[in-house]
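Descriptive analysis of the structure
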Amino acid sequence: QVDCTLLTFGMAHKIRVAGYRKLGEILYGDNRTFRLEISTALHEGTTFSEDFFTVGNEIREVFDGNVSFLGFLADEEVSHRMRAADALVAFFPLGVRENNTTVLSAMSHGCAVITNTDGYSPNWMVHGNSIFDIDKMSEFPSIAEIEEVGRNAKEAVSPYSFAQLSKIISQ
């Protein structure tokens, strides 16, 4: 049992350890316990390289070994995990983009997202409001703050649903 469960999922080759190191620095001074759950998949035609296992070991060190590798999960299980997690963690080479399906999916589930932004990230992704920007964090948020950002995230992405797309197409 832990105080806070974090989730990350996506393609194995896209996991960036630098963001997890920053997160580890923030978590180091926190007296709560944390677990990271990781679900990964492979792009067609790729394999798990040694790099993936090295990254996995580095991430495990950040969380003092409190990491669960979940393997590839069906969509229904990923959805369940997003609802159960306190926050989704996803880092990108430059910053999150409007077309990142992992982040948008988590936000649509009301799951707070800890990520990194840059000048090309959507202006509706606002640190402390609809997401948490790892580069603007000095301490890990409270559960109440995480829940509020999750609610705001769900509202922020509501215009980007398939229902809204079908309305636009049918006009």
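Digging into the nonpolar core
Here is a general trend for soluble globular proteins: nonpolar side chains tend to be buried in one another's company. Counting 24 residues, the largest nonpolar core has Leu6, Leu23, Leu36, Ile59, Phe63, Ile114 and Phe140 as the members making the most contacts within it. Residue assignment for this core shows that the elements contributing at least two residues are strand S1 (4–11), helix H1 (17–28), strand S2 (34–41), strand S4 (87–89), strand S5 (112–115) and helix H5 (143–157). Top element by residues in this core is H1. It accounts for five residues. Among all residues touching Ile114, those that are not within four sequence positions of it are Ala87, Leu88, Val89, Ala90, Phe91, Phe132, Ile134, Met137 and Phe140. Formed by 22 residues, the second largest nonpolar core is a distinct cluster that contains Leu88, Val103, Met125 and Val157.

Side note on the layout of surface pockets
Looking at the second largest pocket, its volume works out to about 300 Å³. Surrounding the second largest pocket, Thr101, Leu104, Ser105, Ser108, Val157, Tyr160, Ser161, Phe162 and Leu165 form its lining. Only helix H4 (101–108) and helix H6 (162–170) provide two or more residues apiece to the lining of the second largest pocket. For the lining of the second largest pocket, the leading source of residues is H4, giving four residues.

Overview of the pattern of salt bridges
In total, this model carries six salt bridges according to the counting rule given. Salt bridges sharing common partners tie together Arg35, Glu37, Glu77 and Arg81.

Re the state of the cysteines
Under the counting rule described, the total for this entry stands at zero disulfides. For Cys4, which is in no disulfide, the shortest distance to another cysteine sulfur is to Cys111 and amounts to 9.9 Å. Residue Cys4 is classed as buried on the basis of its relative accessible area, which comes to 1%. Here Cys111 falls in the buried class, since its relative accessible area comes to 2%.

Some words on the side chain of Ser121
Mapped onto the fold, Ser121 is located in the loop between S5 and strand S6 (132–133). Residue class for Ser121 comes out buried when judged on its relative accessible area of 12%. Only 2.7 Å separates the side chain of Ser121 from the backbone oxygen of Val96, close enough to count as a polar contact.

Notes on the environment of Ile38
Following the sequence through the fold, Ile38 ends up in strand S2. Residues Ile38 and Gly71, 33 residues apart in the sequence, show an inter-C-alpha distance of 7.4 Å.

Side note on the pairing of S5
Neither face of S5 is left uncovered, since the one carrying Ala112 and Ile114 and the one carrying Val113 and Thr115 both have all their residues buried. A crossover connection joins S4 to the parallel S5 through H4; in handedness this β-α-β unit is right-handed. Where S5 and S6 come together, two bridges link them in parallel fashion. Looking at S6, one finds that Ile114 is bridged to Phe132.

Observations regarding the packing of aromatic side chains
Throughout the structure, instances matching the rule amount to three aromatic pairs. Aromatic side chains Phe34 and Phe140 sit 4.9 Å apart centroid to centroid with 75° between the ring planes, which places their arrangement in the edge-to-face category. Of this pair, Phe34 sits in strand S2 while Phe140 sits in the loop between S6 and H5; the two residues are 106 residues apart in sequence, bridging distant segments of the chain. For Phe34, a relative accessible area of 8% corresponds to the buried category.

Quick look at H5
Here H5 contains 15 residues, and its C-alpha end-to-end distance of 21 Å stays within 8% of the 21 Å for a straight helix at 1.5 Å per residue. Along H5, the residues classified as buried are Ile146, Val149, Gly150, Ala153, Ala156 and Val157. Buried residues along H5 cover an arc of 125° about the axis, so they all sit on one side. Exposed side chains of H5 directed beyond 90 degrees from the buried face belong to Ala144, Arg151 and Glu155.

Rules used in this analysis
- Residues numbered from 1 in each chain as written.
- Predicted model: local features only at pLDDT ≥ 70, side-chain atom pairs only at ≥ 80, totals over all residues.
- Heavy atoms only, no water.
- Core = buried A, V, L, I, M, F, W, Y, C linked by side-chain atoms within 4.5 Å.
- Buried < 20%, exposed > 50% of the residue type's maximum accessible area, 1.4 Å probe, protein only.
- Helix = DSSP H or I, 4+ residues; strand = E, 2+ residues; numbered from the N terminus.
- Contact = heavy atoms within 4.5 Å.
- 1 Å grid on protein atoms, 1.4 Å probe; cavity = no way out; pocket = protein on both sides within 12 Å on 5 of 7 lines; lining within 4 Å.
- Points joined across faces, edges and corners; volume = space filled by probe spheres on them.
- Salt bridge = Lys/Arg side-chain N within 4 Å of Asp/Glu carboxyl O.
- Disulfide = S-S within 2.5 Å.
- Polar contact = N/O pair within 3.5 Å; in protein donor to acceptor, adjacent residues only side chain to side chain.
- Right-handed = clockwise from strand over helix to strand, strands pointing away.
- Pairing = 2+ DSSP bridges.
- Phe/Tyr/Trp six-rings, centres within 6.5 Å; stacked < 30°, edge-to-face > 60°.
- Expected span 1.5 Å × (residues − 1).
- Arc of directions from axis to C-beta.

By themselves these figures say nothing about function.
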